[in-house]
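Listed below, chain by chain, are the residues.
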Amino acid sequence: MTKPSPEALAMIRQLIEMPTVSRDSNLDLIHWIRDHLKSLGVDATLVHDATGKKANLYATLGPQDKPGIVLSGHTDVVPIDGQDWDTDPFKLTEKAGKLYGRGTSDMKSFVAIALSYAPKFLAQTLDTPIHYAFTYDEEVGCLGAKRLIEVLRDMPVKPKACIVGEPTEMQVIAQHKGKKSWRVDVRGFECHSSLTHMGANAVEAAAELIAFIKSLARNKRDNGPFDSEFAPPYTSLHTGTVNGGTALNIVPKDCSFLWEIRYLPQDDVDALFAEVVAYARTRLEPEMKKIDPACGFTFTQISEFPGLATNDRGGVVELAKALTGANRVQKVSFGTEAGLFSELGIPTIVCGPGSIEQAHKPNEFIELAQIGLCEAFMDRLLQRVKAGAATMPI
């Protein structure tokens, strides 16, 4: 096993011990990174959200007038509320070859390792620059990356490739599913439960639509389309939360639920959504509106990120395979910011240390061996981008 460097471990500790739960600001961490890069002679650009309480960071190491390779990662982590941790989640703890802490796997270790290599990149004359892209609010819908992409779109020199360091155990991921999610608010008409014929039950209407969504999910499960390299190998539909009603003896006036579609790159997510809306409008609403015209369904999209489908023979794929030693590329069902970079025309893959199985769980950890593998990846990348290196396959 390649032993992690002290520089990487120190940087991981620094980032883990700066809490950046999505509901809170990430500015302390972003400002620390900005100042750290400034001390190395690198100016960073901050791209804030509308509130000014969160920011993305974008910086270039090496020539400013050449397209380079983006090392991208999100700085936010999911909450620890209700989770039973054996250690302080915001203090890095090393035990039995593992580092424990919120964000160790998803995905501050990659960000930290990339930053720990800044002095090494800067010590070389780079033919191909390295770009850092560190974002906010990935965990709540890739919000920061969408804002950053708007800025990148107007830059005179765009990157030529992007590596998103989500936890893949350093396997090269060229495709992942896309996702869209919605909130559905159901408006009924309340009355005493002994007079159900005079009311419109919002909870029951929601349940009927949820059951229809489940029927679409079963159809995808049984009839596809399929891609065996994904798990599950089909587009999935899922309802996650339901809230409604006030008392058993009141026909409920209001109900709401959250649901999502995680879709194969080749599937038509908009057509699926249209089926759900059509069922609500044509099968459920007419009966409800007979009681009160104000009854019905309101659909509000709450998050979206595109799928990723990078050509397996593309230059960034071949580069990533060379940097990892992998012979093949893989596909995953979880989503990342990679699809957003890809939509901008930047060939993108996903590859980073740690396992997605540890993400969002109590006692989240990353194995020290994964850190060593990621550092070996960075060492090979350094050899590829420095002056005099062999021609890059991009």
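Residues numbered from 1 in each chain as written. Predicted model: local features only at pLDDT ≥ 70, side-chain atom pairs only at ≥ 80, totals over all residues. Heavy atoms only, no water.

> What's the story with the overall build of the chain in this structure? I'm lost.
For the chain, the count of helices and strands is 10 helices and 16 strands. For the chain, the C-alpha radius of gyration of 24 Å lies close to 21 Å, the compact-globule estimate for 394 residues. For the chain, the spread of C-alpha atoms along the principal axes amounts to about 80 × 45 × 40 Å. Taking all 394 residues of the chain together, 53% fall into the buried category. A sequence separation of at least 24 residues applies to 80% of the contacts in the chain between residues at least 6 apart. Entry remark: accessible area of the chain is about 17100 Å², with carbon and sulfur atoms responsible for 49%. Computed over 42 positive and 49 negative side-chain charges, the inter-centroid distance for the chain is 2 Å. (Helix = DSSP H or I, 4+ residues; strand = E, 2+ residues; numbered from the N terminus. Rg over C-alpha atoms; globule rule 2.2 N^0.38 Å. Buried < 20%, exposed > 50% of the residue type's maximum accessible area, 1.4 Å probe, protein only. Contact = heavy atoms within 4.5 Å. Areas by Shrake-Rupley, 256 points an atom, 1.4 Å probe, with all protein chains shown as cover. Lys, Arg positive; Asp, Glu negative; His and termini not counted. Charge placed at Lys NZ, Arg CZ, Asp CG, Glu CD.)

> Sorry if this is basic, but what is going on with the pattern of salt bridges here?
A pair can form between side chains of opposite charge whenever their charged atoms are brought close. Scanning the model with the defined rule gives 18 salt bridges in all. A salt bridge links D185 to R183, with the shortest nitrogen-to-oxygen separation between them at 2.8 Å. The exposure class assigned to D185 is partly exposed, which follows from its relative accessible area of 24%. Look at R183 and you get partly exposed, because its relative accessible area is 35%. (Salt bridge = Lys/Arg side-chain N within 4 Å of Asp/Glu carboxyl O.)

> Please explain the environment of A326 as it appears in this structure.
Inspection of the secondary structure puts A326 in the loop between α8 (315-324) and β14 (330-332). Taking relative accessible area as the criterion, A326 reaches 17% and is therefore assigned buried. The spacing of A326 and T2 is 324 residues in sequence and 17 Å in space, taken between C-alpha atoms.

> Before we go on, may I ask you to explain the packing of aromatic side chains in this structure?
Two descriptors summarise a pair of aromatic rings, namely the distance from one centre to the other and the angle between the planes of the rings. For the structure on display, the rule yields 8 aromatic pairs. Consider the rings of Y132 and F134, whose centres lie 5.3 Å apart with planes at 20 degrees: the pair is stacked. With a relative accessible area of 0%, F134 lands in the buried category. Taken together through their ring pairs, the aromatic side chains of W182, W259, F273 and F299 make up a single cluster. The aromatic ring of Y100 is capped on one face by K95, whose charged end is 5.0 Å from the ring centroid. (Phe/Tyr/Trp six-rings, centres within 6.5 Å; stacked < 30°, edge-to-face > 60°. Lys NZ or Arg CZ within 6 Å of the ring centre and 35° of its normal.)

> Is there a simple way to explain the environment of N311 in this structure?
Mapped onto the secondary structure, N311 falls in the loop between β13 (308-309) and α8. You can call N311 partly exposed: its relative accessible area is 46%. Through-space distance from the C-alpha of N311 to that of L272 is 26 Å; in sequence the pair is 39 residues apart.

> Sorry, what's going on with helix α6 (residues 202-223) here?
Two residues of an α-helix separated by three or four positions point the same way, owing to the 3.6 residues in each turn. The end-to-end C-alpha distance of α6 is 31 Å, a good match for the 32 Å that 22 residues give at a rise of 1.5 Å each. Tucked into the core, α6 has its buried residues touching β9 (178-187), β10 (236-244), β11 (254-263), α7 (269-291) and β12 (296-305). For α6, the N-terminal cap is N201; the gap from its side-chain oxygen to the backbone nitrogen of V203 is 3.0 Å. Phi for G224, located one or two positions after α6, is positive at around 75 degrees. (Expected span 1.5 Å × (residues − 1). Polar contact = N/O pair within 3.5 Å; in protein donor to acceptor, adjacent residues only side chain to side chain.)

> Any chance you could explain the packing of α8 against helix α10 (residues 368-385) here in plain terms?
If you want to describe how two helices pack, look at the angle between their axes and the distance between the axes. Contact geometry for α8 and α10: axes closest at 8 Å, N-to-C directions at 125 degrees. In terms of axis orientation, α8 runs oblique to α10. The crossing of α8 and α10 is right-handed. Every residue of α10 that contacts α8 at L319, A322, L323 and T324 is listed here: F377, R380, L381 and R384. Its residues placed into classes, the contact of α8 with α10 shows 5 nonpolar, 1 polar and 2 charged. (Axes fitted to C-alpha atoms, helices over the stretch in contact; angles between N-to-C directions. Parallel < 35°, antiparallel > 145°, perpendicular 65-115°, else oblique. Left-handed = near helix turned anticlockwise from the far one by under 90°. Nonpolar A, V, L, I, M, F, W, Y, C, P; charged D, E, K, R; others polar.)

Keep in mind these numbers describe shape, not what the thing actually does.
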